[in-house]
Amino acid sequence: MTAINNLISLASIDEEIKEIESSRGDLPSRIKKLEMEKDQGEIKIEELNSELSNFEKKHVELQRNKDDFQISLDKYKDQLYLVKNNKEYDALNNEIDVVKKNLFDITEELSSISENKDNINEEIKLSKSNIDEKKAMLDKYSSQLNNLMSENEKEYNNLNLKRKQLLESMDKSIVQRYNLMLSAKGCGASSVIGDACGVCYTTLPTQLVTEIKQKLEFKYCPSCTILLYFEE
Ligand SMILES: [Zn+2]
């Protein structure tokens with residue numbers, strides 16, 4: 001009898017817990033989703049920053065090469081005034097052409113890197129403002145949830161404590177079955193309504209209803225297998 005009464009208490013506690021939780025609406029799941037999106041955004045910014053720093057390193061390196069080539073070019077141009085014959089002049093001009101070609105290539109590469117850096121900076125800016133929006137929404141929802149929770153936090157904690165104590169005194173296999181149903185159907189046990197199961201509304205055999213009322217052992221709905229009890 002005590003075991004069945006414990007089950008009835010548990011079911012009624014869970015009803016109350018469910019009511020409080022549903023008063024919070026979808027705030028907890030919205031908050032969870034926003035937190036996840038915010039974390040993902042922050043990871044993305046980290047990745048973009050590391051990409052940016054790679055481009056910056058490359059930029060510095062190329063700029064250094066460009067300066068070196070520019071120095072060579074100036075040097076060759078000065079030497080043009082000192083050549084003694086056509087052969088030397090042609091050789092020097094060939095060198096100048098090679099350096100000019102290199103300078104052109106490097107300048108092209110530098111401008112493509114600048115473009116990439118601009119794009120990444122733009123993307124970082126967008127991601128940051130996106131994260132700021134999410135943070136603002138998170139603050140709003142969190143304070144809404146806190147207000148809702150502070151109203152019935154004490155009651156909610158008490159219910160959970162009572163639940164924990166009840167579970168400890170109950171038979172493990174019954175608790176397992178109860179919890180399984182709780183997560184599958186939203187309730188772990190159901191009261192008999194009239195002579196029908198309170199979950200699937202199947203009419204129960206008269207003998208079963210009598211046994212449930214006797215509270216001698218745990219009884220299940222033959223149709224949906226939920227634990228059944230009788231509420232006086
Ligand atoms: Zn049923």
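Residues numbered from 1 in each chain as written. Predicted model: local features only at pLDDT ≥ 70, side-chain atom pairs only at ≥ 80, totals over all residues.

1. Details of the overall build of the protein chain
Counting its secondary structure elements, the protein chain contains 5 helices and 4 strands. Across the protein chain, helices and strands are ordered from the amino to the carboxyl terminus as α-α-α-α-β-β-α-β-β. Here the protein chain has a C-alpha radius of gyration of 38 Å; the compact-globule value for 232 residues is 17 Å, and the former is much larger. In terms of principal-axis extent, the alpha carbons of the protein chain reach across some 125 × 35 × 30 Å. Burial statistics for the protein chain: of 232 residues in total, 10% are counted as buried. A sequence separation of at least 24 residues applies to 70% of the contacts in the protein chain between residues at least 6 apart. (Helix = DSSP H or I, 4+ residues; strand = E, 2+ residues; numbered from the N terminus. Rg over C-alpha atoms; globule rule 2.2 N^0.38 Å. Buried ≥ 20, exposed ≤ 12 C-beta atoms within 10 Å, placed from the backbone. Contact = placed C-beta atoms within 7 Å.)

2. A closer look at the packing of helix α2 (residues 27-80) against helix α3 (residues 86-169)
Remark: α2 packs on α3, axes separated minimally by 7 Å, with the N-to-C direction vectors making an angle of 160°. Between α2 and α3, the crossing angle belongs to the class labelled roughly antiparallel. Considering only the axes of α2 and α3, their crossing is left-handed. Split into classes, the residues belonging to the contact of α2 with α3 amount to 27 nonpolar, 15 polar and 17 charged. (Axes fitted to C-alpha atoms, helices over the stretch in contact; angles between N-to-C directions. Parallel < 35°, antiparallel > 145°, perpendicular 65-115°, else oblique. Left-handed = near helix turned anticlockwise from the far one by under 90°. Nonpolar A, V, L, I, M, F, W, Y, C, P; charged D, E, K, R; others polar.)

3. Examining the domain arrangement of the protein chain
Each domain of the protein chain was delimited in the assignment, giving domain 1 (25-170) and domain 2 (178-229). Distance between the C-alpha centres of domain 1 and domain 2: 59 Å. (Domains from an automatic or database assignment.)

4. Digging into the sheet that holds strand β2 (residues 196-197)
The sheet built from 4 strands is open, its strands ordered β2-β1-β4-β3 with mixed pairing. Pairing within the sheet leaves two strands with one partner each, and these edge strands are β2 and β3 (219-220). Contacts from helix α1 (residues 2-23) reach β1 (189-193) and β4 (227-229), with the element oriented near 100° to β4. (Pairing = 2+ DSSP bridges.)

5. Let's talk about unusual backbone geometry
The backbone of Lys215 shows a phi angle near 55°, a positive value even though the residue is not glycine. Looking at the secondary structure, you find Lys215 in the loop between α5 (206-214) and β3. Positive phi, normally seen in glycine, also occurs at Thr225, with a value near 65°. As for its position among the elements, Thr225 is in the loop between β3 and β4. A count of 15 C-beta atoms within 10 Å places Thr225 in the partly exposed class.

6. Things to note about the nonpolar core
Of all hydrophobic cores here, the largest spans 16 residues; its most connected members are Leu7, Ala189, Cys197, Ile226, Leu227, Leu228 and Tyr229. Of all the secondary structure elements, the ones that give two or more residues to this core are α1, α4 (172-185) and β4. If one sorts the elements of this core by residue count, α1 sits on top with 4 residues. (Core = buried A, V, L, I, M, F, W, Y, C linked by C-beta atoms within 7 Å.)

7. As for the pairing of β1
Look at any regular strand and the pattern is simple: side chains alternate between the two faces of the sheet. Sheet analysis places β1 next to β4, joined by 3 bridges and oriented parallel. In the strand pairing of β4, Ser190 is matched with Leu228. Examined bridge by bridge, β1 and β2 share 2 bridges and lie antiparallel to one another. Paired with Val192 across the strands is Cys197, a residue of β2. Taken together, β1 and the strand that follows it, β2, pair antiparallel across an intervening segment of 2 residues, in which Gly194 is found at a positive phi of about 65°.

8. Description of the packing of α1 against α3
Remark: α1 packs on α3, axes separated minimally by 10 Å, with the N-to-C direction vectors making an angle of 155°. In this view, α1 runs roughly antiparallel relative to α3, as classed from their interaxial angle. Remark: the crossing between α1 and α3 carries left-handed chirality. Here α1 contributes Asn6, Ser9, Leu10, Ile13, Glu16, Ile17, Ile20 and Ser23 to the contact with α3, which in turn contributes Leu148, Asn152, Glu155, Tyr156, Leu159, Asn160, Lys162, Arg163, Leu166 and Ser169. In terms of residue class, the contact of α1 with α3 is built from 8 nonpolar, 6 polar and 4 charged.

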